[in-house]
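Coordinate inspection notes
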Amino acid sequence: MKPDLFEAPDYYNLDDLLSDEHKLVRDAARSWVKREVSPIIEEYAQRAQFPDQIIKGLAEIGAFGPYIPEEYGGAGLDQISYGLIMQEIERGDSGVRSTASVQSSLVMYPIWKYGNEDQRKKYLSKLASGEFMGCFGLTEPDHGSNPAGMTTNFKDKGDHYLLNGAKLWISNAPFADIAVVWAKNEEGRIHGLIVERGMEGFSTPETHHKWSLRASATGELIFDNVKVPKANILPGKSGLGAPLGCLDSARYGIAWGAIGAAMDCYDTALRYAKERIQFDKPIAGTQLQQKKLAEMITEITKAQLLAWRLGVLKEEGKATTAQISMAKRNNVDMAIKIAREARQILGGMGITGEYSIMRHMMNLESVITYEGTHDIHLLITGMDITGIAAFK
């Protein structure tokens, strides 16, 4: 088991833009990752198993709903704090960050924003503490980038709703206690419903044989005539804009998280290049390796500035969906390219589990697709600047 020697790059002194609270929150998350995630994550990824013993620790560092008000069990932090926590967790592993992102932005956020007071009091504090874990059901086997085409539906049966359909590629599904599920009513309007484990006809089979996010639990949500109490519908917002609002929050967290993965790959490659001797000198002293490393730190610095500015806009309530899409797309693309370059610096050692790079690279292949694919985010920007939708 190798010690975690990670040192975060800050080429433009961006810490000067952070408050003391921001740095305390980030450093607490960083220390926790070094202590609880780094020593075990390679083994769990190799076994394709989620380390569920870390759930309590994730809750303790405020990773579950950090921006949720304290009255509902959240930490009451700002959006930059949320981003910094996601950055540090993804520095450890994208799958672990996925668990925290889903819990925060895709389960707690809609209950807080679209739920009623009874729902907030029933679920949020238990989700914040990790007593309850949740998942988010939007993507279907035949409807990914076009969620409006979903076929999952519910019918009004008087004293309850009857839910039928299926969702696919659902993080946390195999162990989730509740699912926030998006389905169409009899008029074709999309609503969110809270489905609880144990409801008859509700099952969550696990997805196996993944080469990516191997330390994250992924599954399906199957609804076979599930009776959902009417008290479990989210009353505050309906239509496709409701789940897309949740995705905005999740994509914002990903824009920060991807920086963490990139920083880990860069730090690993830089340290290796200084230590690896070829032709009687460290490979860090060769022009081609310096080119790779210099470009890495440049792209990381640009992504850090993009995420920080987006965090300021988000906290002020000014961040647009298109701005969030741009940051998600840019920063994940940046991270996956850095992972590939870092792997080359390590040569053959880069494919082994002795280093984190190959695991990050495989994970980022999922991150670049989920919460809106790389191409879809490009079209969101295109529509925003031209006023013309090119999705079909």
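Residues numbered from 1 in each chain as written. Predicted model: local features only at pLDDT ≥ 70, side-chain atom pairs only at ≥ 80, totals over all residues. Heavy atoms only, no water.

1. What about the nonpolar core?
- Counting 101 residues, the largest nonpolar core has I89, I111 and W182 as the members making the most contacts within it.
- Looking at this core element by element, the count peaks at 18 residues for helix α7 (residues 241–275).
- Residue contacts for I111: discarding those within four places in its chain leaves Q119, R120, Y123, L124, L127, I178, V180, I194 and L234.
- Grouped together as the second largest cluster of nonpolar side chains are 19 residues, C135, F154, L163 and A173 included. (Core = buried A, V, L, I, M, F, W, Y, C linked by side-chain atoms within 4.5 Å. Buried < 20%, exposed > 50% of the residue type's maximum accessible area, 1.4 Å probe, protein only. Helix = DSSP H or I, 4+ residues; strand = E, 2+ residues; numbered from the N terminus. Contact = heavy atoms within 4.5 Å.)

2. Overview of the UniProt feature "domain: Acyl-CoA dehydrogenase/oxidase C-terminal" (unreviewed entry) in the protein
- Summarizing the sequence annotation, UniProt attributes the feature "domain: Acyl-CoA dehydrogenase/oxidase C-terminal" (unreviewed entry) to residues 238–383 in the numbering used throughout.
- In this annotation, residues 238–383 is assigned 76% helix and 3% strand; the end-to-end C-alpha distance for the span is 23 Å. (UniProt positions renumbered as here; feature names shortened; annotations may be inferred.)

3. Some thoughts on the layout of surface pockets
- The volume enclosed by the largest pocket comes to roughly 1,100 Å³.
- Secondary structure elements with two or more residues in the lining of the largest pocket: α5 (94–114), β3 (160–171), α7 and α11 (374–386).
- For the lining of the largest pocket, the class distribution of residues is 17 nonpolar, 17 polar and six charged.
- Lining the second largest pocket are 24 residues, with K2, P3, E354, Y355 and S356 positioned closest to its centre.
- Secondary structure elements with two or more residues in the lining of the second largest pocket: α2 (41–47), α4 (79–92) and α7.
- It is α7 that contributes the most residues to the lining of the second largest pocket, six residues altogether. (1 Å grid on protein atoms, 1.4 Å probe; cavity = no way out; pocket = protein on both sides within 12 Å on 5 of 7 lines; lining within 4 Å. Points joined across faces, edges and corners; volume = space filled by probe spheres on them. Nonpolar A, V, L, I, M, F, W, Y, C, P; charged D, E, K, R; others polar.)

4. Comments concerning unusual backbone geometry
- Even without glycine at this site, N13 takes up a positive phi of about 55°.
- Mapping N13 onto the fold places it in the segment before α1 (20–37).
- Although it is not a glycine, D280 sits at a positive phi angle of roughly 70°.
- Relative to the helices and strands, D280 is located in the loop between β8 (277–278) and β9 (281–282).
- You can call D280 exposed: its relative accessible area is 79%.

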